[in-house]
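Residue strings, one per chain:
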Amino acid sequence: MEFAATWKGLTTSELSQYSPTVEYPTFNKIVNDHERTGLPWFQRDGGPDGGSGWDEKNCQEFVGNVIRGKAQHTIFRAAVGLNILQAKERGDVESEQFYQEYADRGEKYVSGDGWNGSTSIHAFFKKDMPMKDPDIDELILLKEIDEETRNRLRFGPTGTRIITLGNISASDFCNLTRKHNLSVAWNRQEQRRCRPTSLVHYIRESALSHSAFYKEFCFGDTQTGQNAIKQYGAEEQIAKLFNMVANNFNKNNNPDDLDEIYEASEGVDVDKKVATRVDNILSVCDDILESALEHAKLKGGK
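Described in the following lines is the structure provided in the data block. (Residues numbered from 1 in each chain as written. Predicted model: local features only at pLDDT ≥ 70, side-chain atom pairs only at ≥ 80, totals over all residues. Heavy atoms only, no water.)

What the chain contains, in helices and strands, is 15 helices and seven strands. Of the contacts formed within the chain by residues at least 6 apart in sequence, a portion of 77% connects residues at least 24 apart. Total accessible area on the chain stands at roughly 15400 Å², and carbon and sulfur atoms take up 48% of it. (Helix = DSSP H or I, 4+ residues; strand = E, 2+ residues; numbered from the N terminus. Contact = heavy atoms within 4.5 Å. Areas by Shrake-Rupley, 256 points an atom, 1.4 Å probe, with all protein chains shown as cover.)

Examined against the element boundaries, Glu23 turns out to sit in strand E1 (residues 21–23). Sequence separation between Glu23 and Thr164 is 141 residues, and the spatial gap between their C-alpha atoms is 8.5 Å. Ignoring sequence-local partners within four residues, the contact set of Glu23 consists of Lys29, Arg77, Thr160, Arg161, Ile162 and Thr164. A distance of 3.3 Å separates the side chain of Glu23 from the side chain of Arg77, its partner in a polar contact. (Polar contact = N/O pair within 3.5 Å; in protein donor to acceptor, adjacent residues only side chain to side chain.)

All right, on to the packing of helix H4 (residues 80–90) against helix H5 (residues 93–103) then. In the contact formed by H4 and H5, the axes pass within 9 Å of each other and the chain directions differ by 155°. Judged on the interaxial angle alone, H5 and H4 are roughly antiparallel. You can see that H4 and H5 cross each other, and the crossing is left-handed. For the pair H4 and H5, contact is made by Val80, Asn83, Ile84, Ala87, Lys88 and Arg90 and by Ser95, Glu96, Tyr99, Gln100, Tyr102 and Ala103, respectively. In terms of residue class, the contact of H4 with H5 is made up of six nonpolar, three polar and three charged. (Axes fitted to C-alpha atoms, helices over the stretch in contact; angles between N-to-C directions. Parallel < 35°, antiparallel > 145°, perpendicular 65-115°, else oblique. Left-handed = near helix turned anticlockwise from the far one by under 90°. Nonpolar A, V, L, I, M, F, W, Y, C, P; charged D, E, K, R; others polar.)

This part covers the packing of aromatic side chains. Under the definition given, this model contains six aromatic pairs. Between Phe76 and Phe173 the ring centres are 5.6 Å apart and the planes differ by 50°, which places this aromatic pair in the tilted class. Of this pair, Phe76 sits in strand E3 (residues 73–79) while Phe173 sits in helix H8 (residues 170–180); the two residues are 97 residues apart in sequence, bridging distant segments of the chain. Each member of the pair Phe76 and Phe173 is classed as buried. (Phe/Tyr/Trp six-rings, centres within 6.5 Å; stacked < 30°, edge-to-face > 60°. Buried < 20%, exposed > 50% of the residue type's maximum accessible area, 1.4 Å probe, protein only.)

On to the nonpolar core. Ranked by internal contacts, the top residues of the largest apolar core, which has 43 residues, are Phe98, Tyr99, Leu165, Ile168, Phe173, Phe242 and Val278. In this structure Leu165 touches Leu15, Tyr18, Ser19, Pro20, Phe76, Arg77, Ala78, Ala79, Asn83 and Leu176, once residues within four positions along its chain are discounted. Phe27, Trp54, Leu153 and Ile162 belong to the second-largest nonpolar core, a separate cluster that totals 21 residues. (Core = buried A, V, L, I, M, F, W, Y, C linked by side-chain atoms within 4.5 Å.)

Time to look at the pattern of salt bridges. Under the definition given, this model contains 16 salt bridges. Between Glu23 and Lys29 there is a salt bridge, and its shortest N-O distance comes to 3.9 Å. Given the relative accessible area of 26%, Glu23 is considered partly exposed. Among the salt bridges present, the one from Arg105 reaches Glu101, with a minimum N-O distance of 3.4 Å. Sharing partners across several salt bridges, the network here consists of Glu23, Lys29, Asp33, Arg36 and Arg77. (Salt bridge = Lys/Arg side-chain N within 4 Å of Asp/Glu carboxyl O.)

Put simply, helix H13 (residues 233–246) and helix H14 (residues 255–263) touch, their axes get as near as 10 Å, and they point 80° apart. When the interaxial angle is binned, H13 and H14 end up roughly perpendicular. Of the residues in H14, those in contact with Glu235, Glu236, Ala239, Lys240 and Asn243 of H13 are Asp257, Leu258, Ile261 and Tyr262. Taken together, the residues that form the contact of H13 with H14 break down as four nonpolar, one polar and four charged.

Here we come to the side chain of Thr177. Its place among the elements puts Thr177 in helix H8. Within polar-contact distance, the side chain of Thr177 engages the backbone oxygen of Phe173 at 2.8 Å.

Once that is clear, we can look at the sheet that holds E3. Read from one edge of the open sheet, five strands run E1-E7-E3-E4-E2, paired in mixed fashion. The outermost strands of the open sheet, each flanked by one partner alone, are E1 and strand E2 (37–38). Two elements, E1 and strand E7 (residues 160–165), share three bridges in a ladder whose sense is antiparallel. Paired with Glu23 across the two strands is Ile162, which belongs to E7. Sheet strands touched by helix H6 (residues 115–126): E2, E3 and strand E4 (109–113). Its angle to E3, the strand with the most contacts, is close to 105°. (Pairing = 2+ DSSP bridges.)

So, in structure tokens, the structure goes:
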């Protein structure tokens, strides 16, 4: 069976070792499954509300094309419960912990690719996002469609394929995701961070903790700034800071240097001394932001 005839770069042999199953779901199943699927930290937060990958116009056009049979879609995911069992059998603690995080939230799948599409479909059927009908070039809400047609849409063919992997380690899942997210090319930082390492985790958590500083001071509190945060601009800045501190400020921070520190983090714990110094620097940055905002408030500004 050919699993990947329309998925550029992916071969059947690559998937066969991971016990794949393939199904062609209804829209109703896509919507229900989406609500039970977790977005892993190494994936971009796309969809109409995500700000990374597609914008709302892209999402509306995609749904219209899929419903009209003018687009195809692949959802690539890992089964949570089965992969926990397989990880236990292999003695793979890292993978067991990775999947258990999603099980603890009641999620049955982890997304590898296709999140933009499934989020868009879910938004059309559940969140009043209109689709852009390519035949009449107009926006249409689901509630504007008659009930009989709505039911036919929910339970009819979709042009979507779901590939579910049942025996794949966290590391291999990251690698496949990094290699085959091709519909909207990842930027270089998105490529770097798609690794289940302690450095990636540390930088991700630091970016979340100090996002206000980067949003206000580095990128600006605008839609462009919001998207820069969501596309991991803050993480890239923290990775640069970490690299400089780790090398006593004698290291360049060109893209190849950043690639190198992420690649070197495979199987290695984050340097706690470096992390502590970076934490202290970022804490000072937060204090500066707080003082600046308070000063602006006293002056009647923003």
